[in-house]
Every structure is written in structure tokens, then in C-alpha cells.
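# Topology and contacts: notes
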Amino acid sequence: MNSPYMGKFQISQAYKGAAHDGLDLVGIDSKEIHATATGEVVFAGWENPSNHFQGFGQYVVILADGRYYHYGHLSEIRVSVGQQVRCTDVIG
């Protein structure tokens, strides 16, 4: 798996659940989030616009080679739906 950070990071939480498994990561050198795959942005915004404290908050979904890559808990989104991104492009 490629890292969404260009520098050092640490795992802040591992999640294993019925709906999905995942890792929460925290950047140490930089807080910028980079795409880990080349593909198309299919979602960029609040998961739940009426309650910003629920779910992933601001997040981005990239479709690449038939797989969906989810990037959640972002403080800022730097891409838009329909945009093509390359691995390592800044997305948040």
C-alpha cells in the first residue's frame, strides 16, 4: 500500500468492523494528503452535510482500476468530482 503522506506518519487507530476495515493515519512531517492511486475523484465533500460530526467528515473517494480509495477526516479538500488525479497528487 502506498502512503498518503510524503514524510513520516504514524497509525493513530486501527479499525476492524462489519462494514469495513481501515487505518487512521497522522502525518508527522506534513499534514497534506496525497492520492495513493491514479484515478478519478468520484466524491469530494461532507459525508453527512447535515451533521459534520458524524462519519468521515470531509472526505474524498477515488476510483482507480475498479477499486474505491477513501480518504476521510480531512480539514480541507483540494480536488473536485470528475477530476483525474495521479498517485502522489495532493488531494487534501
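Refer to the structure presented above.
Report on the accompanying structure.

Parameters and conventions
- Residues numbered from 1 in each chain as written.
- Predicted model: local features only at pLDDT ≥ 70, side-chain atom pairs only at ≥ 80, totals over all residues.
- Heavy atoms only, no water.
- Core = buried A, V, L, I, M, F, W, Y, C linked by side-chain atoms within 4.5 Å.
- Buried < 20%, exposed > 50% of the residue type's maximum accessible area, 1.4 Å probe, protein only.
- Helix = DSSP H or I, 4+ residues; strand = E, 2+ residues; numbered from the N terminus.
- Pairing = 2+ DSSP bridges.
- Polar contact = N/O pair within 3.5 Å; in protein donor to acceptor, adjacent residues only side chain to side chain.
- Phe/Tyr/Trp six-rings, centres within 6.5 Å; stacked < 30°, edge-to-face > 60°.
- Salt bridge = Lys/Arg side-chain N within 4 Å of Asp/Glu carboxyl O.

### Describing the nonpolar core
- If you look at the biggest cluster of nonpolar residues, it comprises 10 residues: I33, A35, V41, V60, I62, Y71, L74, V79, V85 and I91.
- Mapped by element, the contributors of at least two residues to this core are strand 4 (58–64) and strand 5 (67–74).

### Topic: the sheet that holds strand 4
- Ordered by their spatial adjacency, four strands build an open sheet running 5-4-3-6, and the pairing between neighbours is antiparallel. Looking at strand neighbours, the two that pair on one side only are strand 5 and strand 6 (84–85), the edges of this open sheet.
- As defined by bridge partners, strand 3 (residues 39–46) adjoins strand 4 across six bridges and the pair is classed as antiparallel. Considered in strand 4, the bridge of V41 is made with I62.

### Brief notes about the side chain of H34
- As for its position among the elements, H34 is in the loop between strand 2 (21–27) and strand 3.
- Separated by 2.7 Å, the side chain of H34 and the backbone oxygen of T88 make a polar contact.

### Things to note about the packing of aromatic side chains
- Going through the model one piece at a time under the given rule, you end up with two aromatic pairs.
- Between F43 and Y59, the aromatic rings sit 5.0 Å apart at their centres with planes inclined by 35°, giving tilted as the arrangement. Pair noted here: F43 is in strand 3 and Y59 is in strand 4, with a separation of 16 residues, a long-range link.
- Classification of F43 by relative accessible area gives partly exposed; the value is 29%.
- Overall, the relative accessible area of 11% leaves Y59 in the buried class.
- Where F56 meets Y59, the ring centres are 5.2 Å apart and the plane angle is 40°; that geometry is what we call tilted.
- Linked through ring pairs, F43, F56 and Y59 together constitute an aromatic cluster.

### Concerning the pattern of salt bridges
- One pass over the full model with this rule turns up two salt bridges.
- The partner of R78 in a salt bridge is E32, and the shortest N-O contact between them spans 3.1 Å. Here the residue R78 occupies a position in the loop between strand 5 and strand 6, and E32 occupies one in the loop between strand 2 and strand 3, the gap between them amounting to 46 residues.
- One salt bridge connects E76 with R78, and the closest N-O pair in it is separated by 3.6 Å.
- When salt bridges with common partners are traced through the structure, they connect E32, E76 and R78 into a single cluster.

### Some thoughts on the pairing of strand 4
- Among the seven residues in strand 4, six count as buried, and that is most of the element.
- The loop that links strand 4 with its antiparallel partner strand 5 comprises two residues; one of these, D65, has a positive phi angle of about 50°.

### A few points about the side chain of T36
- With respect to the helices and strands, the residue T36 is situated in the loop between strand 2 and strand 3.
- Accessibility expressed as a relative area gives 14% for T36, which makes it buried.

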